[in-house]
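# Fold and contact review
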Amino acid sequence: MKSIFLYLIFLLLSCFGCSTQGDAVSREEASAQLQLKLNEINEFIAEASCTADGNCTYIPYGSKSCGGPRGYLIYPSGIDEAKLEAMVANYTEAEESYNERYHIPSDCSIPAPPANLRCENGICIERED
């Protein structure tokens with residue numbers, strides 16, 4: 001009976017150690033994972049091109065600690081928007097979790113949506129006035 005009890009304690013301690021180590025992700029690793037997701041989104045956008053100013057639009061992305069998007073991504077409207085929206089939603093959710101987990105502060109400013117979008121050399125940009 002004593003050996004069964006010791007075995008159960010050993011098993012519980014082993015499982016406890018496994019579960020905490022599996023969830024341990026450093027802040028730097030989590031930040032790198034976020035950056036990788038954002039890079040993938042930007043690469044996806046870069047695969048598409050525009051032909052006229054009217055082909056350009058934008059989508060909010062990311063999550064600030066006190067709410068609202070981190071910013072806006074400008075892209076050509078001919079892109080697979082359902083895929084882009086899913087990628088951005090995944091990134092935004094991951095950033096929200098990151099902010100909560102690591103208590104990331106925010107300036108609580110609200111970024112303005114891009115204005116005066118134009119197509120330049122097949123790339124959508126915000127026109128500087």
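This section reports on the structure supplied with the text. (Residues numbered from 1 in each chain as written. Predicted model: local features only at pLDDT ≥ 70, side-chain atom pairs only at ≥ 80, totals over all residues. Heavy atoms only, no water.)

Scanning the protein from N- to C-terminus turns up three helices and four strands. In the protein, the order of α-helices and β-strands from amino to carboxyl end is α-α-β-β-α-β-β. By residue count, 27% of the 129 residues in the protein fall in the buried class. Once local pairs closer than 6 in sequence are excluded, the contacts in the protein between residues at least 24 apart make up 68%. Accessible surface, the protein as shown: approximately 8800 Å² in total, 56% of it carbon and sulfur. (Helix = DSSP H or I, 4+ residues; strand = E, 2+ residues; numbered from the N terminus. Buried < 20%, exposed > 50% of the residue type's maximum accessible area, 1.4 Å probe, protein only. Contact = heavy atoms within 4.5 Å. Areas by Shrake-Rupley, 256 points an atom, 1.4 Å probe, with all protein chains shown as cover.)

What follows covers the environment of Thr51. With respect to the helices and strands, Thr51 occurs in the loop between helix 2 (27-46) and strand 1 (56-61). Distance in space between the C-alpha atoms of Thr51 and Glu120 is 8.3 Å, their sequence separation being 69 residues.

Turning to the state of the cysteines, a few remarks are in order. Taken as a whole and assessed by the stated rule, the structure comprises three disulfides. Across the disulfide from Cys56 sits Cys124; the S-S distance is 2.1 Å. One disulfide, between Cys56 and Cys124, carries an S-S torsion of -85° and so falls in the left-handed class. Of this pair, Cys56 sits in strand 1 while Cys124 sits in strand 4 (residues 123-126), placing them 68 residues apart in sequence. Comparing Cys56 with Cys124 shows no difference in burial state: the two are buried. Covalent S-S linkage joins Cys66 and Cys108, the inter-sulfur distance amounting to 2.0 Å. (Disulfide = S-S within 2.5 Å.)

Turning our attention to the pattern of salt bridges. Summed over all chains, the structure comprises four salt bridges. Residues Glu120 and Arg118 are paired through a salt bridge, measuring 2.0 Å at the closest nitrogen-oxygen approach. (Salt bridge = Lys/Arg side-chain N within 4 Å of Asp/Glu carboxyl O.)

Turning to its location among the elements, Lys64 is positioned in the loop between strand 1 and strand 2 (71-76). Residue classification places Lys64 among the buried residues on the basis of a relative accessible area of 9%. Spatially, the C-alpha atoms of Lys64 and Ile104 are 8.6 Å apart, while their sequence positions differ by 40 residues. In contact with Lys64, not counting residues within four places along its chain, are Pro69, Arg70, Asn99, Ser106, Asp107 and Ser109. Looking at Lys64, its side chain comes within polar contact range of the side chain of Asp107, at 2.8 Å. (Polar contact = N/O pair within 3.5 Å; in protein donor to acceptor, adjacent residues only side chain to side chain.)

Ranked by internal contacts, the top residues of the largest apolar core, which has 17 residues, are Ile41, Ile45, Leu73, Leu84 and Val88. Elements supplying a minimum of two residues to this core: helix 2, strand 1, strand 2 and helix 3 (81-102). Per element, the largest residue contribution to this core is six residues, and it comes from helix 2. Among all residues touching Leu84, those that are not within four sequence positions of it are Ile41, Phe44, Ile45, Ile59, Tyr75 and Ile79. (Core = buried A, V, L, I, M, F, W, Y, C linked by side-chain atoms within 4.5 Å.)

So, to be careful, I would describe these as geometric facts and stop short of saying anything about function.
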